[in-house]
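# Observations on chain architecture
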Amino acid sequence: MLDLKRQYRPIHQELLDAVGHVLETQQFILGEPVSAFEESAARQLGAAHAIGCSSGTDALWLALAAAGIGPGMAVVTTPFSFFASVSCILRAGARPLLADIEPTTFNLDPAAVRTVLDGPRGGAARAILPVHLYGQCANWGAFAQLANERGLKLIEDAAQAWGAEWNGVKAGALGAAAAFSFYPTKNLSAAGDAGMVTTNSEDVADRARMLRQHGMRRRYYHDEVGWNTRLDGFQGAILAVKLKYIEGWNEARRAVAARYYQLFAAAGLAEAGPYPGHGVVLPHEVAGSRHVWHQYVIRTPRRDDLRAFLAARKIGSEIYYPVPLHMQDALKQLGYAEGSFPEAERAAREVLALPIFPELRDDEQQTVVAAIAEFLS
Ligand SMILES: Cc1ncc(COP(=O)(O)O)c(C=O)c1O
C-alpha cells in the first residue's frame, strides 16, 4: 500500500541534521523547532495561526474546545470517517449528530446536514464538522452558506487533506478552526504521532495554545481545565523539513491518480457511477476543488473478493472504512441503527483504497490495474 522508505531515502541526511539540531539545543517540547514549523505551516496554508499538538485526534478536540464547543451543544458530522471525527465531539462534552454522505465524493452531504438541523435535535447544533475525506475538501460552498444562515461554526477535519483546496483556499484556512494529523501514513507525516490546529481567529488560537498546556497562559496559573497535548521538538523539526517537499509530493500523487484514470479507462473498466455495476467507479476531482489524493478509493460490488484476489498477488489494498461510525459498538449510545445512513453503509461495503503515494511507479500501477482487470474478467 505504501512504501515510506522511498520518501525517506532522498531526504535522510536533512532529517538527521534536523533531529541532530534538536539534540544539540535540547529543546524537546515546543520551543524553537516547533514554533518555526508552526510559522512555516501557517504561511503555506494561508492561515493566520498554526498550533502544533500531539496527534490529529487531539487537534480535533482542541479545535472544538478552542472554538467554544462544549456540554449542552451538538455538532453535526459524518458517519463515514475515522473514529476520531465523532469521538472528539464526545471528548469535548458535546453531542454528535450524524448526517449521511454524498455517494460521489463520500464526503458529508450538505443537504443531509440541513435535514438534521431541521430535525428534533438540530436546535442544539452549534457547529458542523465536515471531513475532507481521502484528501478532497467537503462541499465548502454549501457548508459556508448553511453555517452562515444558521449561525453555526464550521470546524474542518483536515487530517487527510494537507494542501487540498476549495476555490483556491487551502484546507485549514476555510473554517473557524481546522485539525490536521501528521500520522506517518498521511501526505505530510511525522516520525510518530503529531497534529496541528489552524485558524484565522486570534481568539481561537489563543485558546488552543492555552488548552494544549493544561489551560496555562502563565506558567502554573491555570485558567481552564485543558490537557497536555504539546508537540515534540523532534516532530516539529522533521515536519519543518518535509514541509518544503509536500507540494511536490502532492503533485506526484495527483499524477499517480491521473495515471490510474488513464489505465482504468484504457482497460475499459471505468464506470460512470455513483454505484458500480460490473466494473469499478473511479474517484474524481470535483470542479473548483484541488484533490491531494491521500487515498485513491474505487467502488466495486465484489469488493471483499477483489481484495483477497489482490492480496494473493501481493498487491496491497485497504478499506477506509469497513464499519460506519453509527454502527460501531462504542457509539451505540448515539441511538442510531443499521439503515440510518444508507449511503455510508453502502460505501462501507463497496470502497477499496488502492496503493497511492508520490513514489509509486508506473509499472506498479499497471500491475494493480491488470490484476483488477483479470479479476473482473
Ligand atoms: C479523518 C481523520 N480524522 C482524524 C484522524 C486522527 O488523527 P491521528 O491518528 O493523528 O490522531 C485521522 C487519522 O487517523 C483521520 O484520518
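The structure displayed is predicted, hence computed values, not measured ones. (Residues numbered from 1 in each chain as written. Predicted model: local features only at pLDDT ≥ 70, side-chain atom pairs only at ≥ 80, totals over all residues. Heavy atoms only, no water.)

### Section: the nonpolar core
Phe 80, Phe 264, Tyr 296, Leu 354 and Ile 372 are the most contacted members of the largest nonpolar core, which totals 73 residues. With eight residues, the top contributor of residues to this core is helix α3 (residues 56-66). Counting 54 residues, the second-largest nonpolar core is a separate cluster that includes Ala 18, Leu 30, Ala 41 and Ala 74. (Core = buried A, V, L, I, M, F, W, Y, C linked by side-chain atoms within 4.5 Å. Buried < 20%, exposed > 50% of the residue type's maximum accessible area, 1.4 Å probe, protein only. Helix = DSSP H or I, 4+ residues; strand = E, 2+ residues; numbered from the N terminus.)

### A closer look at the packing of helix α9 (residues 246-266) against helix α12 (residues 362-376)
For the pair α9 and α12, the least separation of the axes is 10 Å and the interaxial angle reads 40°. Taken together, the axes of α9 and α12 lie oblique to each other. The crossing of α9 and α12 is right-handed. Together, Val 256, Arg 259, Tyr 260, Leu 263 and Phe 264 of α9 and Asp 362, Gln 365, Gln 366, Val 368, Val 369 and Ile 372 of α12 make up the contact between the two elements. (Axes fitted to C-alpha atoms, helices over the stretch in contact; angles between N-to-C directions. Parallel < 35°, antiparallel > 145°, perpendicular 65-115°, else oblique. Left-handed = near helix turned anticlockwise from the far one by under 90°. Contact = heavy atoms within 4.5 Å.)

### A closer look at the packing of aromatic side chains
Evaluation of the coordinates by the stated rule reveals 16 aromatic pairs. Relative to Phe 182, the ring of Phe 37 lies with its centre 5.7 Å away and its plane at 75°, an arrangement referred to as edge-to-face. With a gap of 145 residues between them, Phe 37 in helix α2 (residues 31-45) and Phe 182 in the loop between β8 (177-181) and β9 (195-199) connect regions that are remote in the sequence. The class of Phe 182 is buried, set by a relative accessible area of 0%. An aromatic cluster is present here, built from Phe 80, Phe 82, Phe 106, Tyr 134, Tyr 320 and Tyr 321 joined pairwise through their rings. When the ring centre of Tyr 221 is taken as origin, the NZ or CZ atom of Arg 218, which lies over that ring, is 4.0 Å away. The ring of Phe 309 has Arg 313 lying over it, and the distance from NZ or CZ to the ring centre is 3.6 Å. (Phe/Tyr/Trp six-rings, centres within 6.5 Å; stacked < 30°, edge-to-face > 60°. Lys NZ or Arg CZ within 6 Å of the ring centre and 35° of its normal.)

### Here we look at the sheet that holds strand β6 (residues 165-166)
Here we have three strands laid out as an open sheet, ordered β7-β6-β14, and antiparallel in their pairing. Two strands in the sheet have a free side with no partner beyond their single neighbour: β7 (169-170) and β14 (289-290). Where β6 meets β7, two bridges bridge the pair, whose relative direction is antiparallel. Bridge assignment links Trp 166 to a residue of β7, and that residue is Val 169. (Pairing = 2+ DSSP bridges.)

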